[in-house]
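Read off the chains here:
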Amino acid sequence: MASLRHLAAGPACHHRSGVAAATASLQLRRLPSCSRSRHFTRIYAISSNDIRVGTNVEVDGAPWKVLEFLHVKPGKGAAFVRTKMRNYVTGNTVEKTFRAGSTLQEPSLSKETKQFTYKDGSQFVFMDLTTFEESRLNEADVGDKQKWLKEGMDCNLLYWNGKIIDFDLPITVRLTVTDTDPGASDSAQGGTKPATLETGAVVTVPSFVNVGDDILVDSRTGQYMNRA
């Protein structure tokens, strides 16, 4: 670029410089679309006043997720925000306090939708249906979510520094009942019973649900919603 500025001495050079500048500008405008990465990241600063459940923040170079929060305004002294947060990398949960109005950094996170395809030993294998690239999570990383995880299910994998640190299940999952006491008639009112699902999870269902029925479950709470 320095050599271009030195050459811009005459009208022709000015014209060429203008064309080069216009071309460069056009290339810059096109850059986001032509060089888009599958791991799209973003970094923003947020105020502690905007902290909510589910907010992601970066503290001491690590990504954290806010599980609980409370805005406190004491009679004396400065207001502050008390939080309970989970470290995405280590899984540790701690309480942290931030001064009201202080600036916090959001971690550089990205999400990709991938399909859970199969379990390989103690690993859960997710596939990108566009590139067929596989990503793997250990049982410890999946945790209790495996109770609702079914082959062919699309999940959102969360990345930080190229590493999978978490994933989200669909809120509503459809699963088949494999074991339960014989059901009552559909017209029967009231009454519940435990039912085992194809993933091994046990949920409480209405008495009319039978083995072989497909039911919808809220993966966040593990509660029965209705028959599919």
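As a reminder, the structure under discussion sits directly above these lines.
Scope of this entry: the structure provided in the associated data block. (Residues numbered from 1 in each chain as written. Predicted model: local features only at pLDDT ≥ 70, side-chain atom pairs only at ≥ 80, totals over all residues. Heavy atoms only, no water.)

When its secondary structure is counted, the chain shows three helices and 16 strands. Excluding contacts between residues fewer than 6 apart, the proportion of contacts in the chain whose partners are at least 24 apart in sequence is 46%. A total of about 14,000 Å² of accessible surface is found on the chain, and carbon and sulfur atoms cover 51% of it. (Helix = DSSP H or I, 4+ residues; strand = E, 2+ residues; numbered from the N terminus. Contact = heavy atoms within 4.5 Å. Areas by Shrake-Rupley, 256 points an atom, 1.4 Å probe, with all protein chains shown as cover.)

What follows is about the sheet that holds strand β14 (residues 202-206). The strand order β14-β13-β12-β15-β16 describes an open sheet built from five strands, whose pairing is antiparallel. Whereas interior strands pair on both sides, the edge strands pair on one side only; in this sheet they are β14 and β16 (223-227). The average undirected angle you get between the axes of adjacent strands in this sheet is 55°. When strand β15 (residues 214-218) meets β16, the two strands line up antiparallel, connected through four bridges. Paired with aspartate 218 across the two strands is glutamine 223, which belongs to β16. (Pairing = 2+ DSSP bridges. Axes fitted to C-alpha atoms, helices over the stretch in contact; angles between N-to-C directions.)

Applying the stated criterion to the full structure yields 11 salt bridges. Among the ionic pairs, glutamate 112 bridges to lysine 114, the shortest N-O distance being 3.7 Å. Just as glutamate 112 is buried, lysine 114 falls in that class too. With a closest N to O distance of 3.3 Å, lysine 150 and glutamate 198 form a salt bridge. In this pair, lysine 150 sits in the loop between α3 (139-142) and β10 (154-160) while glutamate 198 sits in the loop between β13 (192-197) and β14, placing the two residues 48 residues apart along the sequence. Owing to a relative accessible area of 28%, lysine 150 belongs among the partly exposed residues under this scheme. Glutamate 198 gets classed as partly exposed once you look at its relative accessible area, which sits at 36%. What you see here is one network of salt bridges that share partners, running through Arg86, Lys145 and Asp166. (Salt bridge = Lys/Arg side-chain N within 4 Å of Asp/Glu carboxyl O. Buried < 20%, exposed > 50% of the residue type's maximum accessible area, 1.4 Å probe, protein only.)

The next point concerns unusual backbone geometry. Glycine aside, negative phi is the norm for most residues, and most peptide bonds take the trans geometry. Phi is positive for aspartate 60, close to 55°, though the residue is something other than glycine. Considering the arrangement of structural elements, one finds aspartate 60 in the loop between β2 (56-59) and β3 (62-72). Residue aspartate 60 is classed as exposed on the basis of its relative accessible area, which comes to 78%. Despite not being glycine, phenylalanine 132 has its phi angle at roughly 65°, a positive value. With respect to the secondary-structure elements, phenylalanine 132 resides in the loop between β8 (123-127) and β9 (134-138). Overall, phenylalanine 132 belongs to the exposed group, its relative accessible area being 57%.

Turning our attention to the sheet that holds strand β7 (residues 109-120). Ordered in space as β9-β8-β7-β10-β11, the five strands form an open sheet in which the pairing is antiparallel. Strands at the two margins of the open sheet, each flanked by one partner only, are β9 and β11 (163-168). The mean inter-strand angle of the sheet, taken between neighbouring strand axes irrespective of direction, is 45°. Two strands pair when backbone bridges link them, and β7 and β10 are joined in this way by seven bridges, in the antiparallel orientation. When the bridges of β10 are listed, lysine 114 appears paired with cysteine 155.

In terms of nonpolar packing, the biggest core is built from 27 residues, with Phe126, Trp148, Leu149, Cys155, Phe167, Leu197 and Ile215 touching the most fellow members. When residues of this core are traced back to their parent elements, those giving at least two are β8, β10, β11, β12 (172-180), β13, β14 and β15. In contact with tryptophan 148, not counting residues within four places along its chain, are Met153, Leu169, Val173, Leu175, Leu197, Thr199, Ala201, Val203, Val217, Ser219 and Gly222. If you look at the next biggest cluster of nonpolar residues, it comprises 11 residues, including Ile46, Val57, Val81 and Phe98. (Core = buried A, V, L, I, M, F, W, Y, C linked by side-chain atoms within 4.5 Å.)

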